[in-house]
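The residues making up each chain are set out below.
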Amino acid sequence: MKKTVFLIALCLASLLGCFATMLHASIMTTKHNLSTSGPGPVKATGEQRVCVFCHTPHNAIAPTEGVSVPIWNHSLSIAQYTLYESPTLLSPTSPTIRPDGASRLCLSCHDGTVGIGAVVNTGITQNTISMLGTGANGVLPTGASNLGTDLSGHHPVSIEVNNSLINDKGTQCTNNLVSWRVCLPLPGTLVKLSRTRNRYGSQSTGMGVQCTSCHDAHDDRSPGTSLFLRVGDKNNIDSLCMSCHQDCSQECPK
Ligand code: HEC
Ligand code: HEC
Ligand code: HEC
Ligand code: HEC
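Residues numbered from 1 in each chain as written. Chains lettered and ligands numbered in written order. Predicted model: local features only at pLDDT ≥ 70, side-chain atom pairs only at ≥ 80, totals over all residues. Heavy atoms only, no water.

Chemist: Break down the coordination of the iron atom of ligand 1 for me, citing the residues and quoting the values.
Modeler: With distances of 2.0 Å, the protein atoms coordinating the iron atom of ligand 1 are His55 (NE2) and His218 (NE2). The site at the iron atom of ligand 1 holds six donor atoms, and with the angles between them running 88 to 180°, its shape is octahedral. Residue histidine 55 is found in the loop between strand E1 (43–44) and helix H2 (101–110), and its partner histidine 218 is found in the loop between helix H4 (211–214) and helix H5 (238–241); the two are separated by 163 residues along the sequence. By relative accessible area, which is 23% here, histidine 55 ends up partly exposed. (Donors = N, O, S within 2.8 Å, 3.2 Å for Na, K, Ca; no water. Tetrahedral: all angles 85-135°; square planar, octahedral: opposite > 155°, others 65-115°. Helix = DSSP H or I, 4+ residues; strand = E, 2+ residues; numbered from the N terminus. Buried < 20%, exposed > 50% of the residue type's maximum accessible area, 1.4 Å probe, protein only.)

Chemist: Report on the site of ligand 1, specifying residues and quantitative values.
Modeler: Neighbouring ligand 1 are 13 residues; Cys51, Cys54, His55, Lys192 and His218 lie closest to it. A distance of 2.9 Å separates an oxygen atom of ligand 1 from a polar side-chain atom of lysine 192. Within the side chain of histidine 218, an N or O atom sits 2.8 Å from a nitrogen atom of ligand 1. Tallied by class, the residues present in the shell around ligand 1 amount to eight nonpolar, four polar and one charged. (Near = heavy atom within 4 Å. Polar contact = N/O pair within 3.5 Å; in protein donor to acceptor, adjacent residues only side chain to side chain. Nonpolar A, V, L, I, M, F, W, Y, C, P; charged D, E, K, R; others polar.)

Chemist: Tell me about the pattern of salt bridges, and name the residues and values.
Modeler: By the definition in use, this model includes three salt bridges. Between arginine 49 and glutamate 47 there is a salt bridge; the shortest N-O distance is 2.8 Å. Residue class for arginine 49 comes out partly exposed when judged on its relative accessible area of 35%. Arginine 199 is the partner of glutamate 160 in a salt bridge, and the nearest nitrogen-oxygen pair spans 3.3 Å. Of the two residues, glutamate 160 sits in strand E3 (residues 159–160) while arginine 199 sits in the loop between strand E5 (194–195) and strand E6 (207–209), which places them 39 residues apart along the sequence. The buried category is assigned to glutamate 160, whose relative accessible area is 2%. Judged by relative accessible area, which is 40%, arginine 199 ranks as partly exposed. (Salt bridge = Lys/Arg side-chain N within 4 Å of Asp/Glu carboxyl O.)

Chemist: Give me the nonpolar core: which residues, what numbers.
Modeler: Counting 11 residues, the largest nonpolar core consists of Leu34, Val42, Ala44, Val52, Phe53, Cys109, Ile116, Val119, Ile129, Met131 and Leu140. Not counting chain neighbours up to four residues away, the residues in contact with valine 119 comprise Val52, Phe53, Asn73, His74, Ser75, Asn127 and Ile129. If you look at the next biggest cluster of nonpolar residues, it comprises 10 residues, including Val161, Val182, Cys183 and Val209. (Core = buried A, V, L, I, M, F, W, Y, C linked by side-chain atoms within 4.5 Å. Contact = heavy atoms within 4.5 Å.)

Chemist: Report on the state of the cysteines, specifying residues and quantitative values.
Modeler: Disulfides are covalent bonds that connect the sulfur atoms of two cysteines. This structure, assessed with the given rule, holds two disulfides. Across a sulfur-sulfur distance of 2.0 Å, cysteine 183 and cysteine 252 are joined as a disulfide pair. Its S-S torsion of approximately -90° makes the covalent link between cysteine 183 and cysteine 252 left-handed. With cysteine 183 in the loop between strand E4 (180–182) and E5 and cysteine 252 in the segment after strand E7 (245–247), this pair connects stretches of sequence that are 69 residues apart. A single burial state applies to cysteine 183 and to cysteine 252, both of which are buried. Ordering the disulfide-forming cysteines of the chain by sequence position, one finds them joined as 1-3, 2-4. (Disulfide = S-S within 2.5 Å.)

Chemist: Before we move on, can you summarise the coordination of the iron atom of ligand 3 with the specific residues and values?
Modeler: Coordination of the iron atom of ligand 3 by the protein involves just one donor, His215 (NE2), at a distance of 2.1 Å. Summarising the element assignment, histidine 215 is placed in the loop between H4 and H5.

Chemist: I'd like a rundown of H2, residues and numbers included.
Modeler: Burial within H2 is extensive, with eight of its 10 residues counted as buried. Within H2 the residues assigned to the buried category are Gly101, Ala102, Ser103, Arg104, Leu105, Leu107, Ser108 and Cys109. The inward-facing, buried residues of H2 abut E5 and H4. Just downstream of H2 lies glycine 112, where phi reads positive at about 70°.

Chemist: Report on the site of ligand 4, specifying residues and quantitative values.
Modeler: Near ligand 4 there are 20 residues, and of these Ser86, His155, Cys241, Cys244 and His245 occur at the shortest range. One nitrogen or oxygen atom from the main chain of leucine 90 is found 2.8 Å from an oxygen atom belonging to ligand 4. Of all elements in the fold, only helix H3 (163–174), H4 and H5 reach the threshold of two or more residues within the shell around ligand 4.

Chemist: Residues and numbers for the side chain of serine 103, please.
Modeler: As for its placement among the helices and strands, serine 103 is situated in helix H2. Among the polar contacts made by the side chain of serine 103, one reaches the side chain of glutamine 210 at a distance of 2.4 Å. Residues in contact with serine 103, not counting those within four places in the same chain, are Val157, Ser158, Gln210 and Cys211.

Chemist: Outline the sheet that holds E3, supporting the account with residue identities and numerical values.
Modeler: In spatial order, the strands read E3-E6-E5; together these three strands make up an open sheet with antiparallel pairing. Unpaired on one side and paired on the other, E3 and E5 mark the two borders of the sheet. Inspection of the sheet shows E5 paired to E6 by two bridges, in the antiparallel sense. Each bridged residue has a counterpart across the sheet, and for arginine 195 the counterpart in E6 is methionine 207. (Pairing = 2+ DSSP bridges.)

This is the structure in structure tokens:
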């Protein structure tokens, strides 16, 4: 009898452990749960649905600039951005080249120009979802999460990574112009390339660095520290960087 009780208790304990891990890995506990049950300061006054802020099953936004979007519901930004520039940056940067693909999805909230509750389809009325904790006009409050439209101090996004770029960066290494190569994301890393329409050279792969290369909007392992990063956390970002950059003395891993 005692043994049975012990076994049941053991089973329950492991089940609970299992559920706790599942919940931990879900979007519910992250700042991207913008519904009334969200843990962050920015959340809805009455909306209980979680996905609606970013996705809708019907009447979603059409693919933007030729890059498909996951049945996207959040109104996109029409801001013009100032992009990162440097003498050694090979990827083209000009006012006509704009962040595209998944980066535009993030910037629809994170450039601070569009209301957090501004969706195209609430499913009930065509109105904006009413929010708490936002800045003026319902946008992201001023702070680290509000990137603004000057992206010149941020890692470049919407840049294609292909063999031409990798080889040309290698030539910059040989000529002692830079100390770090660019490589394809290390095999086995969670860092990934995403669709982009911007091109480098003649070899188009259509895959490059986007916000989603480094971040996963659905997964924040330890909220407040891991910042939706695919690898590492705010106190440990080197391995993330070295998923794509190798010291010039190293070759790109094959
Ligand atoms: C804060 C915004 C946000 C919220 C909230 C959100 N998503 Fe997403 N979702 C994204 C972004 C951004 C992408 C594109 C990811 C990419 O391109 O790598 C995406 C992609 C997806 C995709 C397609 C690609 C994939 O990863 O499978 C599915 C399915 C999806 N989301 C489901 C959901 C569901 C279900 C919910 C609600 C529980 C949800 N999302 C809530 C931002 C969000
Ligand atoms: C629907 C609006 C919305 C979209 C779309 C969205 N976010 Fe957020 N994000 C927020 C809000 C709101 C916060 C919380 C801001 C705060 O607390 O000040 C946040 C917080 C964050 C944080 C900080 C987390 C922390 O712990 O401080 C990161 C990183 C982040 N988002 C990345 C992204 C990326 C990358 C994408 C695209 C893949 C994205 N977000 C798409 C609304 C959005
Ligand atoms: C090359 C990798 C990389 C790319 C690309 C990237 N991020 Fe980040 N992001 C990071 C790292 C690392 C941190 C944490 C360190 C820091 O804040 O400086 C971070 C932090 C953040 C934060 C939290 C700021 C804070 O301090 O609380 C937000 C919000 C964010 N990123 C949004 C974005 C958005 C939106 C994009 C696309 C326009 C993007 N990121 C592209 C790596 C990246
Ligand atoms: C997904 C791959 C990827 C990741 C992860 C990544 N980078 Fe990059 N990075 C690139 C690419 C591609 C370029 C563009 C190189 C070019 O066009 O010359 C770049 C450009 C840069 C540049 C500008 C180089 C120049 O010549 O002006 C710096 C600096 C940089 N990255 C640092 C970092 C740091 C720090 C991290 C970690 C937070 C990081 N990168 C993570 C792919 C990546």
